[in-house]
Amino acid sequence: SLFFTSYIPFLKDSKVSDSEVFYAFSSMMLLGVVSYPLALKEISNEGEEKTASKALIFRLLAVSLGTILSYIKLFVLHISFIILPLMSSAYAYYYTSTSSLLIKSLHKGKEGELLGVYSALTGLALFLGAILSGYISNEFGYFLTFLISSLILSLSFLTFKKITL
């Protein structure tokens, strides 16, 4: 949410119209919906760890592209039609594969507790990301907000690779 909370205001500051923002986000949602069944096939062929790793790389690529875009401010709408669907598709692959890994790792009899803790931590991260995103964007600009998001995704990727070896 660090990236997405500030992305619409970034588009609006870049003079993208409301209808263009709507179309860009609609393309994101459409590809996301299509990607979930494809993710299941990828997981059965490649496994959860490899699928999640590739998804994190694609999300990092998209956020890095957004970071560069916030600096150069050229072709904002056109590049958004690449960034947003790529992020959505990568999220479908990541969410599906990591959910499968999580469910496989739960201890019998503790599933409810562990899923509750996981959901609470995920919700807290989304909440803090949204609040920090607005603050950082207002105080320091979109570039720094998106750069921090890229760095966090990089750390996530490195951490995931380390724990799944």
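Please read these numbers as outputs of a predicted model, since none were measured by experiment.

Draft legend 1. The pattern of salt bridges, seen in detail. What the rule picks out here adds up to four salt bridges. Notably, a salt bridge pairs Lys12 with Asp18, separated by 2.5 Å at the nearest N-O pair. Using a relative accessible area of 33% as the deciding quantity, one classes Lys12 as partly exposed. Exposure remark for Asp18: the relative accessible area of 56% places this residue in the exposed category. Between Lys50 and Glu46 there is a salt bridge, with the nearest N and O atoms lying 3.1 Å from each other. Residue Lys50 is classed as partly exposed on the basis of its relative accessible area, which comes to 46%. We classify Glu46 as partly exposed; its relative accessible area is 34%.

Draft legend 2. Representation of unusual backbone geometry. Its identity as a non-glycine residue notwithstanding, Lys15 has a phi of 65°, on the positive side. Mapped onto the elements of the fold, Lys15 is located in the loop between helix H1 (2-13) and helix H2 (18-46). Phi angles above zero are rare outside glycine, and Phe75 is one such case at about 55°. One can find Phe75 in the loop between helix H3 (48-72) and helix H4 (76-105).

Draft legend 3. View of the packing of aromatic side chains. Throughout the structure, instances matching the rule amount to twelve aromatic pairs. Plain terms: the ring middles of Phe3 and Phe146 are 4.7 Å apart, the flat faces sit at 45° to each other, and that makes the pair tilted. With Phe3 in helix H1 and Phe146 in helix H6 (residues 142-163), this pair connects stretches of sequence that are 143 residues apart. Looking at Phe3, the relative accessible area reads 3%, which means it is buried. The interplanar angle of 80° and the centroid separation of 6.4 Å between the aromatic rings of Tyr135 and Phe140 together place this pair among those described as edge-to-face. Taking the relative accessible area as the measure of exposure, Tyr135 reaches 48% and is therefore partly exposed. The exposed category is assigned to Phe140, whose relative accessible area is 53%. An aromatic cluster is defined as three or more aromatic residues linked by ring pairs; in this entry it consists of Phe3, Phe4, Tyr7, Phe10, Tyr142 and Phe146.

Calculation criteria
- Residues numbered from 1 in each chain as written.
- Predicted model: local features only at pLDDT ≥ 70, side-chain atom pairs only at ≥ 80, totals over all residues.
- Heavy atoms only, no water.
- Salt bridge = Lys/Arg side-chain N within 4 Å of Asp/Glu carboxyl O.
- Buried < 20%, exposed > 50% of the residue type's maximum accessible area, 1.4 Å probe, protein only.
- Helix = DSSP H or I, 4+ residues; strand = E, 2+ residues; numbered from the N terminus.
- Phe/Tyr/Trp six-rings, centres within 6.5 Å; stacked < 30°, edge-to-face > 60°.

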